[in-house]
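Chain residues, written in single-letter form:
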Amino acid sequence: MSEAGDVPYRQPEEVGPGPWLVLVGLVGALLAYAVLANFTDELRAALWGEPGTVTGVDCRTHDIGAGLGSSTSCSGAFTADDGGPSFDVLVEGRVGSQTARAWLADDTSGTAYVSPTVWAGVLPVGLSLVLAGVPAAVTVGYLRHTARARRAGGRPPGRGPERR
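Predicted, not measured: the structure shown is a model, and the values here were computed from it.

Draft legend 1. Just the sheet that holds strand β2 (residues 70–80), in detail. Spatial strand order, β1-β2-β3-β5-β4: 5 strands in a closed barrel with mixed pairing. Neighbour-to-neighbour, the strand axes of the sheet open up by a mean angle of 50°, direction not taken into account. As judged from the 5 bridges shared by strand β1 (residues 50–63) and strand β4 (residues 100–104), these two strands associate in the antiparallel manner. For G52, the partnering residue across the bridge sits in β4 and is A102.

Here it is, written out as structure tokens:
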């Protein structure tokens, strides 16, 4: 018999889901930030944008190249409903004529959205809440359950067999 046969076998302790939940929560928060930072201009324009009129809308089609298709960009002069000078802006949305109702997302450097809808932001905001909120809620619930079990004298869930 070898010396290894005399050593009792001990199974390593399991780590549990806590660290993985925290990691998923951090990744979710990062993805939620990316979604909210990049996909909600139309939502901001619909909720808090400055209403006005875009005139002299000019759309140009650009060839992307090598059979990849084309893109269209529009620009025009935005004039706020409450007065003030007009200034050039990018125009997004369905532009059906030279003059259109629009909402400005942010002051003079922004983009004017023709007929923005709140629904354009519901998906990004909802997705962000799911990506960041669900892992965070599960992590908090797990950590509370673990702390409660330790205070009661029991073993936290997800641990290996009890040693004696």
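Draft legend 2. Quick peek at the packing of aromatic side chains. Applying the stated rule across the entire model yields 1 aromatic pair. A centroid spacing of 5.8 Å and a plane angle of 50° characterise the contact between F78 and F87, whose relative ring orientation is tilted. Its relative accessible area of 0% is what places F78 among the buried residues. Residue classification places F87 among the partly exposed residues on the basis of a relative accessible area of 22%.

Draft legend 3. Structural detail: the pairing of strand β5 (residues 111–114). Neither face of β5 is left uncovered, since the one carrying T111 and Y113 and the one carrying A112 and V114 both have all their residues buried. Here β4 pairs with β5 via 3 bridges, running antiparallel. Note on β5: the bridge partner recorded for W103 is Y113.

Draft legend 4. Up close: the nonpolar core. Grouped together as the largest cluster of nonpolar side chains are 12 residues: V54, V57, C74, F78, A80, V89, V91, A100, A102, L104, A112 and V114. Of all the elements in the fold, those that place two or more residues in this core are β1, β2, β3 (87–92), β4 and β5. Excluding residues that lie within four positions of it along the chain, F78 makes contacts with E50, P51, G52, T53, V54, P85, S86, F87, V89, A102, L104 and A112.

Draft legend 5. The arrangement of the pattern of salt bridges in detail. Taken as a whole and judged by the stated rule, the model has 2 salt bridges. A salt bridge links D81 to R101; its shortest N-O distance comes to 2.9 Å. With D81 in the loop between β2 and β3 and R101 in strand β4, this pair connects stretches of sequence that are 20 residues apart. For R101, a relative accessible area of 38% translates into the label partly exposed.

Draft legend 6. Seen up close, the pairing of β2. As defined by bridge partners, β1 adjoins β2 across 10 bridges and the pair is classed as antiparallel. From the neighbouring strand, V54 faces β2, where its bridge partner is F78. Between β1 and β2, which follow one another and run antiparallel, lie 6 residues, and G65 among them has a positive phi close to 115°. Two elements, β2 and β3, share 5 bridges in a ladder whose sense is antiparallel. Pairing of S75 across the sheet is with L90, part of β3. In sequence, β2 turns back onto β3 through a hairpin of 6 residues, with G83 there showing a positive phi of about 95°.

Draft legend 7. Main features of the environment of G126. Within the element layout of this structure, G126 appears in helix α3 (residues 119–151). G126 gets classed as partly exposed once you look at its relative accessible area, which sits at 29%. Along the sequence, G126 and L36 sit 90 residues apart, while their C-alpha atoms lie 9.9 Å from each other.

Draft legend 8. A look at a nonpolar patch on the surface. Where nonpolar side chains cluster on the molecular surface, the patch consists of W20, L23, V27 and L31 and spans about 420 Å² of accessible area. With respect to the secondary-structure elements, V27 resides in helix α1 (residues 18–38). The class of V27 is partly exposed, set by a relative accessible area of 41%.

Here is what the cut-offs are and how they apply
Residues numbered from 1 in each chain as written. Predicted model: local features only at pLDDT ≥ 70, side-chain atom pairs only at ≥ 80, totals over all residues. Heavy atoms only, no water. Pairing = 2+ DSSP bridges. Helix = DSSP H or I, 4+ residues; strand = E, 2+ residues; numbered from the N terminus. Axes fitted to C-alpha atoms, helices over the stretch in contact; angles between N-to-C directions. Phe/Tyr/Trp six-rings, centres within 6.5 Å; stacked < 30°, edge-to-face > 60°. Buried < 20%, exposed > 50% of the residue type's maximum accessible area, 1.4 Å probe, protein only. Core = buried A, V, L, I, M, F, W, Y, C linked by side-chain atoms within 4.5 Å. Contact = heavy atoms within 4.5 Å. Salt bridge = Lys/Arg side-chain N within 4 Å of Asp/Glu carboxyl O. Patch = residues over 30% accessible without salt bridge, like charges linked within 9 Å, V, L, I, M, F, W, Y side chains within 5 Å. Areas by Shrake-Rupley, 256 points an atom, 1.4 Å probe, with all protein chains shown as cover.

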